[in-house]
Amino acid sequence: FSFAGCTTFLTLAVSAHFMAKKKAPTDPLFYVYAVYAFLSVVNLIIGLEQDNIIDGFVTFYLKEAEPQVNTAHGHMISYWDGCVHYLMYLLMIAAITWGDSYRAIGLYWVGSFLMHATVYILGNAVGEYTKNNGMLLNDKFQEVQRKSLHHRPLDLLFVVYLVPALVFCVFRGLVVLDCPSRFCRDYSQLYEPYLKDPSAYPRVQVTMLVAMLYSGPYYIFTLYGLLVPGCEWMPDLTLIHSGALAQAQFSHIGASLHTRTPFSYRVPADSQPVFLLINILYGLVPQALCYRCCTRPEFFLKPTPEKKRTDSEGVYNNTEYLSQTG
């Protein structure tokens, strides 16, 4: 494990040196992301050893330090951090080195990282491992903002999606809270028994974050943002949420099917197509909404005060000219 970690760190340091070339980056986050990238590779090594792809690197660590990592959720977290987060860190390091903006991918990472960290900490605390604990002109986006919802078919599709998505996330929260409804019981038994897994990760993720404190309010705010023009916070909000939900759904889907999950809590084979369809759509549509908000933000922008003053001055000058010539 030490050899693998040192080798990875050395490789990352050499790569950073060639990327930075002559002068070192002044942004302190460069070094933070470099360290996180190193830790991501370590997590990838952990995931590979958990699935017996490699052997002998982190055996003692998994056995003595953090046995909760051996759960199905821990496996999926290791792969997500070792692959997706690692790519994000490299992109942000490259952006800092080249002087480019990394704000969008940074917000996406914030959502993913917060979801990962909060679910992991709270799951350890309450689960069975507790003991181990300005870019566009005004006339352009004003024209877009004057369009009603039925003249924006893509936004209409997102609105149609957000309503059942809100219902679904609240419904799963009720399932985790042991709602006595027969429909809730049947759903947990036939489609997502992993929601009842004693490791507590799915319960924390679905109930406290995704359903009640995170995605539920997000869907309400997003509905408002798609209906009312000028909500400048929409692109940033969708970036954070899509990052969080991507991490959450990756972990939830993978852990629900993973062999480390006890058989009684795995998704039954007959129900897997429905389970995958619902959960993949639930994870992918927010990514599409995020892409729409970030690439075509005209509907969410407000006219700049400077532009308004310029227009007013123009009207005043025209009026004065007409009065003098009249």
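Positions within a chain are numbered from 1, following the residues in the order the chain's sequence is written. The predicted nature of this model means local features are confined to residues of pLDDT at least 70 and side-chain atom pairs, given and counted, to a pLDDT of 80 or more, with totals for whole chains, interfaces and linings taken over all residues. Excluding hydrogens and water, the side-chain values take into account all heavy atoms of the structure.

Visitor: So what's going on with the nonpolar core? Which residues, and what values?
Guide: The term nonpolar core refers to a set of buried residues drawn from Ala, Val, Leu, Ile, Met, Phe, Trp, Tyr and Cys, joined through side-chain atoms within 4.5 Å. Throughout this description, buried means an accessible area under 20% of the type-specific maximum (1.4 Å probe, protein chains only), exposed means over 50%, and partly exposed covers the range between. Residues Tyr161, Tyr219, Leu226 and Tyr282 are the most contacted members of the largest nonpolar core, which totals 27 residues. Numbering of helices and strands starts at the N terminus; helices are DSSP runs of H or I of at least 4 residues and strands are runs of E of at least 2. Sorting the residues of this core by element identifies helix 7 (153-176), helix 8 (182-190), helix 9 (201-227), helix 10 (234-257) and helix 11 (272-295) as the ones contributing at least two each. A per-element tally of this core places helix 7 first, with 10 residues. In this analysis, two residues are considered to be in contact whenever any of their non-hydrogen atoms come within 4.5 Å of each other. Setting aside chain neighbours within four positions, we find Leu226 in contact with Leu149, Arg152, Asp155, Phe158, Val159, Leu162, Met234, Leu289, Phe299 and Phe300. Among the nonpolar cores identified, the runner-up in size contains 18 residues, and Ala37, Met92, Ile96 and Cys290 belong to it.

Visitor: Can you explain the packing of helix 2 (residues 29-50) against helix 4 (residues 72-98)? Please cite residues and give values.
Guide: Every axis corresponds to a line fitted to the C-alpha atoms, with the helix fit spanning only the stretch in contact, and the corresponding angles, defined between N-to-C directions, vary from 0 to 180 degrees. Running from N to C, helix 2 and helix 4 point in directions that differ by 155°, and their axes come no closer than 7 Å. Between helix 2 and helix 4, the crossing angle belongs to the class labelled roughly antiparallel. Between helix 2 and helix 4 lies a crossing of left-handed hand. By residue class, the composition of the contact of helix 2 with helix 4 is 18 nonpolar, 10 polar and 1 charged. Any angle that is under 35 degrees is reported as roughly parallel, and any over 145 degrees as roughly antiparallel; angles of 65 to 115 degrees are reported as roughly perpendicular and all others as oblique. Helix crossings are classified by the rotation of the near helix relative to the far one: an anticlockwise turn of less than a right angle makes the crossing left-handed, while a clockwise turn makes it right-handed. Just so you know the grouping, Ala, Val, Leu, Ile, Met, Phe, Trp, Tyr, Cys and Pro go in nonpolar, Asp, Glu, Lys and Arg go in charged, and all remaining residues, Gly too, go in polar.

Visitor: I'd love a proper account of the environment of Pro286, names of residues and values included.
Guide: For Pro286, the location among the structural elements is in helix 11. Between the C-alpha atom of Pro286 and that of Gly243, which follows or precedes it by 43 residues, the distance is 9.1 Å. Not counting the four nearest positions on each side in its chain, Pro286 is found in contact with Tyr161, His241, Ser242, Leu245 and Leu281.

Visitor: Give a detailed account of helix 8, specifying residues and quantitative values.
Guide: What helix 8 keeps buried is the set Cys184, Tyr187 and Ser188. One side of helix 8 carries all its buried residues, which in axial view fall inside an arc of 95°. Across helix 8 from its buried face, at more than 90 degrees, point the exposed residues Arg182, Phe183 and Gln189. Elements in contact with the buried residues of helix 8: helix 7. To obtain the arc, one takes the directions from the helix axis to the C-beta atoms.

Visitor: So what's going on with the confidence of the model for the protein? Which residues, and what values?
Guide: Here the protein averages 78 in pLDDT, and 75% of its residues register 70 or above. Known as pLDDT, the predictor's per-residue confidence is scaled from 0 to 100. Predicted confidence in the protein is weakest over helix 12 (residues 305-325), with a mean pLDDT of 46, and strongest over helix 11, with 92. Counted against residues more than four places away or in other chains, residues 132-137, with its pLDDT under 50, gives 8 contacts. Predicted confidence for residues 306-326 stays below pLDDT 50, and this span has 3 contacts to residues more than four positions away or in other chains.

Visitor: A description of the packing of helix 7 against helix 11 should follow, citing residues and the corresponding values.
Guide: Where helix 7 meets helix 11, the axes come as close as 11 Å, and the angle between the chain directions of the two elements is 135°. The orientation of helix 7 with respect to helix 11, classified from their angle, is oblique. Crossing angle aside, the handedness with which helix 7 passes helix 11 is left-handed. Where helix 7 abuts helix 11, its residues Leu154, Asp155, Phe158, Tyr161, Ala165, Phe168, Cys169 and Arg172 lie against Ile278, Asn279, Leu281, Tyr282, Val285, Pro286, Ala288, Leu289 and Arg292.

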